[in-house]
Each structure stands twice: as structure tokens, then as C-alpha cells.
Amino acid sequence: MPAFGSFALLVALALSGYNLLAGAVALRQLATGGRGVIAPERLAETARRAGIASFFAVACAAFALVWAAFTNDFSVAYITEHSNRALPAAYKFAALWSGQEGSLLLWAFLLAAYGFVLRLRHKVDVKLFAYASTILAGVQVFFLLLVNVAATPFSLVTGAIPPDGNGLNPLLQYPEMVIHPPMLYLGYVGFSVPFAFALGALMMRYPGEKWIHVTRRWTMVTWLFLTVGIFLGMHWAYEVLGWGGYWGWDPVENASLMPWLTGTAFLHSVMMQEKRGMMKSWNVWLIFSTFMLSILGTLLTRSGLVSSVHAFAQSSIGTWFWVFLVIVFAVCTFVYILNRDHLRTEHKLESLVSRESSFAFNNLVLLAACFTVLWGTLFPVLSEYVQGNRVTVSAPFYNRVAVPIGVFLLLLTGIGPLLAWRSTSMRSIRRNFVVPGIVALVVAMAIIPLGVHPWTIFTTDHEGAFYAWMTFSLAGFVTTAIFAEFFHGARVIQQKSHQNLFASVVQLTRRNTRRYGGYIVHFGVVLILIGISGQAFNQSVERTMSYKQSFELGPYRVECLDYSQDSNPNYDTEFALLNVYRNGHLVTKLAPELRFYAASQQPSTIVANHSTLAWDLYVIYAGKDPSTGQPVIKAFLNPLVAWIWIGVLVTIFGTLIALLPNLSAAIAAQRHRTPAAEEAEAVPAGRGGD
Amino acid sequence: MRRISPFTLLPLLVILVVFTMGAANTAGRYNDLGHKIMCTCGCNEILLECNHMGCSASSRMTAELRLAVDRGDSDKAVLTAFQDEYGPTALAAPWLTRFNIVAWVVPPLLLILGLIGTFLLVKKWRLRVASMPEVADDPASRDLRERIRRDTEI
């Protein structure tokens, strides 16, 4: 099987290389009118087919590696290092991406899969897809070179074949780890597709904005995958790492956030290009940057450039990525300079108080957030270069610098949808802003007696409560603005069709899925930010506990019922059984564990979490007190965390809605016997689109 | 002598309450400082969030921190002591000294410059638009504007 896998990777490289070269030659001939031995159309078709075939070749290689894991083929060094006989089947599958070589193979496989779909759909626009396919083949060649030369997943062990493997990192033995990396990679890799389309459209001086329509779904799906991947990672960190938090501003976490921020900016600003022919250069560079940041993220994870909790082992692979990044940047710059006149904007902003300008500011703030994260991630390297010593840039830096930017962005999230395209009148501003403004003020006052004291920013070193107060107030503003948009639109439909309000909301959403799906996504983001703000009020306690001993944390009393140990072929475990009381009533039993995995000889905590909408009681077994042998229990009371996960679900739902095609005006009119002209009235005057 | 109205005293009372409410206790200071220091075992975690088994540094460092806080050392003294003992990477964020100032200043500065730049750009474009002649109000122009309005509604 290792020989089969290696051969499949070589074939895939050859096919992708052919796709790149033949595709480039064919496109050049088509552009200049030149002809070779084979007609350029036929040559382009052979290139496309080679690209399709390369997917099957990479799929064979991925299958070979998974097969080796399932059959315990420890002749393969990668399987010896990342699997063992006692490893459950699902985690053997996850071994595919748990190490450097396997995860690069996953990159190559997903890229080939995206390319496969793209090449199958070439009839949408043969020439544009031929450009995109060729550019994608260039990216494929790079990753296939990596897995063929620099990080080969099918290397054989030297000497005798070991009877068992070292096992999978215990931290990765968690159900979410089976889906978190593929989701994240689908996001990273997926940005290659809009990148390829943008670069291709610029190279061929594609007329109009059709390429944006073509790539809109690709971009949204990719953004959704990246979003899900990031939040699955956060949930995994929260449930597995056992430090009571979900985001540590680790360089690898930052690496996933940066393309997400620029991708989000692109999804917004691209609307200006579609509707008003504006920001063309900006959009092209946004998608170029998003792709390059995806590559940079992969570089940071793998090169050892920055210290990280979950970076792969340091290796020379960073050089490959640097070279690739430089090539990509050079190609993008060259193509841009050559064709920048094609990107001349058709309209200018007409008013500061308009939807366009809100998009411009929103983009600016998202980019500022991205730059802050990049700056914080790379500053230790810069500091070492300038001052001769490394410094750490961790949570306190981001809390001070990035959080205010996030709060500002939340404000823009509320303001933007209330403004009309081109220009907004004062009357419209008064009408649209009064109610959300009042709600924000009411929320701001109402939460003070609940313990959210913004003035602590002046009296202590804590700015958390102030930002939480700002976030809750702005959340009130944004939520009211969103619900008002739904309400006003649905009321118009209700008056015409005499349906109930809920049915009207559904119909309104189906008529313009992108706009109302977008609002749902905004609402999801509001919920996520509310959940994150709860962090300002976290409490924790650490106790050595004996039988029947207890401690109080917030409204809970935690009592130790028992503690013991157990073992199975995969791991030994120590655990405590805890009763949790509230107001004297038993509310739940928790069993935090500490596992010690036999194969890897590594420990891992298993968190016990009692989650409610108000707060999480998050308990970890921190070890045994060496003097008494009693368990050390650490407990956290984390307010509002559940709203983060609820917000993510709402965001996913909103994105899926936005991906649906609009219910055509004609069908809607026919169903409800309303004139088609009334469709336009469903949107209140003065309120624009997305 | 004029009587002082209770309404005049109220803001003073509020200010007094506000500034005394945030007085940090020892446990709070320990928690705050523990989140400004990194564990130096190589795990790259904040000191009070490092919980991996067999950590060679966190128990010693937390003990030192608790001792310093109990002793009543100022925040600056505690952080300086940790920096001197474990090096600059022991602090979770760089201090506002020498080149490190750049770390704190550059992102907000760029954001502010960007905001000003965008504001000025929009203003410039707006002036250009304002100086353009009025559009003729004939039926053809009205239809065209109406079509554009419809097209630009998403």
C-alpha cells in the first residue's frame, strides 16, 4: 500500500503539472490567436481532463494512507508516529491529518476535490473556468511537490518494523477532532477557488462582474467552512484543553482568524462591485490577500517561525512556503499592474451617510482587525530582529487593542443595514435609528444593576466590564435594527397577502435570501459577541477535596461524592464524582477525569461541564495532591458561554439561507395572487439591500 | 451660608462609590497578575491557564507570585521581578518601553489614519459629485433613474 500511495502521488503531480502547462499554453494561444500542433481548444480540454484525473490520483493516495492506518501498517513511519493498534477506528481516520505529512496530503486532496468540482462545472463559462482551472493547477503542483519531495507521508521506517505505534496525541482523541481539521482545511483550501477566479478574470480582462456571481457561492461556502472550523476548534479547546477558555490568541488560532477576517471583508465589499461597479481593485486585492493569508497561516503552523501550543514539529518546510508566497505575490502584483486599467471604478461614493460608505468603513475595520492579529503574531519575530530579544504578545495585548476594534465593528454591523444605497436622508436616519438607539440606551442602563459596571475601566486595570457593557448595549441596537428590518418587510407582505406574520417573514426571507440570510448571520455574530463578553465576569476556584467536602462557586455548591481510578487498553484514568447543588437541590453530577494514554505516555484532562444559558460550571480534575492523595479540583463559572455556540448555529443557518436561490417574484405573485409590482414594495423605501 | 442640595452631593457620592468599588483584593490581584505572566516551561500558556501535567515551571512561578502578592509588592514590582528572573518572554504582553511601544501604537494608529483617509476620500468624491450639473427632470431621465434605483436595490 505505501508503494501504491507514493505512486498515486507521483501520478497526481504529473497530471497537475500537465494541467498547468497545457492549460497555460492553450490560454496563451487563445489570447494571442496563435496555433500549435494541437488546436488550443483541444489542448485546454486535455488540461481540464488531466485536472479531473489528478483528483482521483490524490484520492487514491489519501485512501492508501487511511488504509495503512486501519490495517496497522507500521512499516509506514507516519502511521507508526500517529496511530497504534488500540486506537478507536474514528481516530485512525483522523490520523490522516494529525501530523505534518498527512495534513499536507489532506490539503492536496481537498484542493484536488475543489478543482474536480470546478472542472466539472466548466460549461458555466468555459474560458473563465479554463483560467481558474489552470491557476488552481499551479497551486496543486505546489502542494503535490511538497508531499512528493519535502514531507512524504509514505516514508518507510528504517530498521525493524515496530509491533505497535506511538499512538495519536491524546488531545486529538476527541470526537470534534475528527471534523474540526477537515472543516478548517476546507475553509483554507476553499479560498483558492475565488482566488483562482479573481486572478483568472483579471488576466483575461473579464468583462463585467459575472465572475463575482460565479464565485459568490464558492466564497460563501468556503467562508462557512472556515467559520465552522474555527468554532469547532474553539469548542474543542474549551472542552478538551481544560484551561477554562476557548480562545488563547495562539499564533495558530490567529492564523485561522486572519483569512476569515479578510474573507468577511470580501463578502461585504464584493456587493459594492456587483451593485455599483465600485471597489474593484480593492476586491481583487482582498481575495488575493485572503488566499495569501491562508498560505501564511499554514506556514506559521509548520515552519516553527512563531511559538505555538499546537504547531507541528519544526521543519525546513517553511522555506517552501516562503518561496510559494513570494511567487504568488509576484504573480498577483504583475497581473494587477498589467491590467489595473480594467479595474477602473464606475461610480464614486456620493455621501458619507450611505450603504457604500458603511461598507467602506466596515472593510477598513475588518482589515484593521486582521492587521492587528497579524502584527501581534509577528511582533515577537520583529522584536527579536530589532531588539535582539523576543517578547511575548498574548491575550493582554489583543484584549487592549483588538477588542475595541471588534466593538467598533459591532457598531457598524448595526448602522450599515439601516442606511440606503447612494445617500440616506436625515428623515430616514431619524426613522431608522430612533428605536434601536432607545433600546441600546435602555439595555445600557438595565445591565448596570446586574453587575456590569463600565466605570471599572477607570478604577481598575480591567477593561473587560466596560467592553462587555458596550457590547451588550450595541447588541441591543443591532438586534433591534435587524428585527425592525424583518418586521417592516413582513408587515408589507402581510398587508398584501393576509398571511400571518411568521409566514410573511418566511416569504420575505425567501424573496431575498442573500439580504435576510445576511441579517440572520449578523444576529448570530451578535449572539457570539454576547457570549464572548461574558468572559469579563469569569470566576474560578481550586480546591483539594476529600469525601463530602464541598466549595461554593457563584450559585452552585460542589460536593465530592467519590474519587477513584480505572483503566482500559487505550488509557488509565483517575476521576472524581461530584454532586452539584443549587439552592439546596441537586442539579447535576459531574465526573471530571484525568487520562493517561498508554501508547503515547501522555496525560489528558476530560472536562466535566454543566452548561446553562446563564453560565457554565466547568470542572477539571487537576491531579492528586501529593501529600494527601486527594483529588485537586479546579472549577470555573463562565457566564454566557452557551450563547457563543448558539450564535454559531444561527450564523450557519443564516449562511445556508443566503446560499439558497431567491423565490422568484413571479412564483411568489402567483402563489399569493399579488401583483408582481408589489414585490418591490416589500422593501420599505430608504432601506437598501444586503 | 447656602445649604448644599442633596442633588449636588449625589454625583460626589457616585464618584466616591465608583472609585472605591473597584479596589482590588489579594485574590483579585493574584488572578490579574497571573494572567499577565506566561508559563516559562515552553507550553506558551498564560501562567494561570497552564494546567498540563508535569509542568516544570508553573507551580514554582505561581508560588512566587502568591508570595509577592501576599507581601504587598506593587504590580510593577512583581512583573519586573518576573521579567528579571525569567526574561522578557515571561510577560504576556510587552511593556510600553523603547521599541515595544511600536507594538501598541501601530494598529490603532493605522486604524485612525485609515478612518481619516476614508473620510477625506468620501468627502472629496462627494464634493466632485456636488459640483456636477443638475440632472434634467424629463420623463426619460426619470425612467432611467428609476431603473438604476431598482437595479441597485439588492
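Focus: the sheet that holds strand 1 (residues 539-544) of chain A
Residues and elements named next belong to chain A. Taken in spatial order, the four strands of this open sheet run 1-10-9-8, and their pairing is antiparallel. Every other strand in the sheet has two partners, leaving strand 1 and strand 8 (608-611) as the edge strands with one partner each. On average, each strand axis in the sheet is inclined to that of its neighbour by 15°, with strand direction left out of account. Bridge count between strand 8 and strand 9 (residues 615-624): four bridges; the pairing is antiparallel.

A short note on helix 12 (residues 317-339) of chain A
For helix 12 of chain A, with 23 residues, the first-to-last C-alpha span of 33 Å sits near the 33 Å given by 1.5 Å per residue. Burial in helix 12 of chain A covers these residues: I317, W320, F321, F324 and C332 of chain A.

Quick word on the packing of helix 17 (residues 464-497) of chain A against helix 18 (residues 501-511) of chain A
Residue and element names in this part refer to chain A. For the pair helix 17 and helix 18, interaxial distance at closest approach is 8 Å and the crossing angle is 110°. One element, helix 17, and the other, helix 18, form an angle in the roughly perpendicular class. Touching F486, G489, A490, I493, Q494 and S497 of helix 17 are L501, S504, V505, Q507 and L508, all from helix 18. For the contact of helix 17 with helix 18, the residue count by class is six nonpolar, five polar and no charged.

Brief notes about helix 9 (residues 210-241) of chain A
All names here are of chain A. End to end, helix 9 covers 46 Å across 32 residues, agreeing with the expected 46 Å (1.5 Å per residue, within 8%). Residue R216 marks the point of greatest curvature in helix 9, where the axis turns by about 40°. A large share of helix 9 lies buried, amounting to 23 of its 32 residues. Once helix 9 finishes, G242 follows within two positions and takes phi at roughly 70°, a positive value.

Quick notes on the nonpolar core
Grouped together as the largest cluster of nonpolar side chains are 239 residues, with contacts concentrated most on A61, A108 and A369 of chain A together with I37 of chain B. Broken down by element, the residue count for this core peaks at 17 residues, all from helix 9 of chain A. Look past the residues within four positions of A61 of chain A in its chain and what remains in contact with it is G5, A8, L9, A12 and L105 of chain A.

Some details on the environment of L640 of chain A
Residue and element names in this part refer to chain A. Here L640 lies in the loop between strand 10 (631-639) and helix 20 (641-659). Look at L640 and you get buried, because 23 C-beta atoms sit within 10 Å. In this structure, the C-alpha to C-alpha distance between L640 and I528, residues 112 residues apart in sequence, is 9.5 Å.

So, the environment of V607 of chain A
Residues and elements named next belong to chain A. Along the chain, V607 falls in the loop between strand 7 (602-606) and strand 8. As a C-alpha pair, V607 and L257 span 350 residues in sequence and 25 Å in three-dimensional space. Excluding its chain neighbours within four sequence positions, the residues that come into contact with V607 are E239, V240, G242, P592, Y618 and I620.

Remarks on the pairing of strand 9 of chain A
Of all the ten residues making up strand 9 of chain A, eight are buried; the element is thus mostly covered by neighbouring parts of the structure. Linking two consecutive strands that pair antiparallel, namely strand 9 of chain A and strand 10 of chain A, is a turn of six residues; a positive phi of about 75° is found at G629 of chain A within it.

Observations concerning the confidence of the model for chain B
All names here are of chain B. Residues with a pLDDT of 70 or more make up 62% of chain B, whose mean pLDDT is 73. Confidence, expressed as mean pLDDT per element, reaches its minimum in chain B at helix 1 (residues 6-21) with 47 and its maximum at helix 4 (residues 75-86) with 88. Across the assembled chains, the prediction reports ipTM 0.76 with pTM 0.85.

Reading the values: the criteria
Residues numbered from 1 in each chain as written. Chains lettered and ligands numbered in written order. Predicted model: local features only at pLDDT ≥ 70, side-chain atom pairs only at ≥ 80, totals over all residues. Pairing = 2+ DSSP bridges. Helix = DSSP H or I, 4+ residues; strand = E, 2+ residues; numbered from the N terminus. Axes fitted to C-alpha atoms, helices over the stretch in contact; angles between N-to-C directions. Expected span 1.5 Å × (residues − 1). Buried ≥ 20, exposed ≤ 12 C-beta atoms within 10 Å, placed from the backbone. Parallel < 35°, antiparallel > 145°, perpendicular 65-115°, else oblique. Contact = placed C-beta atoms within 7 Å. Nonpolar A, V, L, I, M, F, W, Y, C, P; charged D, E, K, R; others polar. Bend = angle between axes of the 7 residues up to and from the residue. Core = buried A, V, L, I, M, F, W, Y, C linked by C-beta atoms within 7 Å. pLDDT = per-residue confidence, 0-100.

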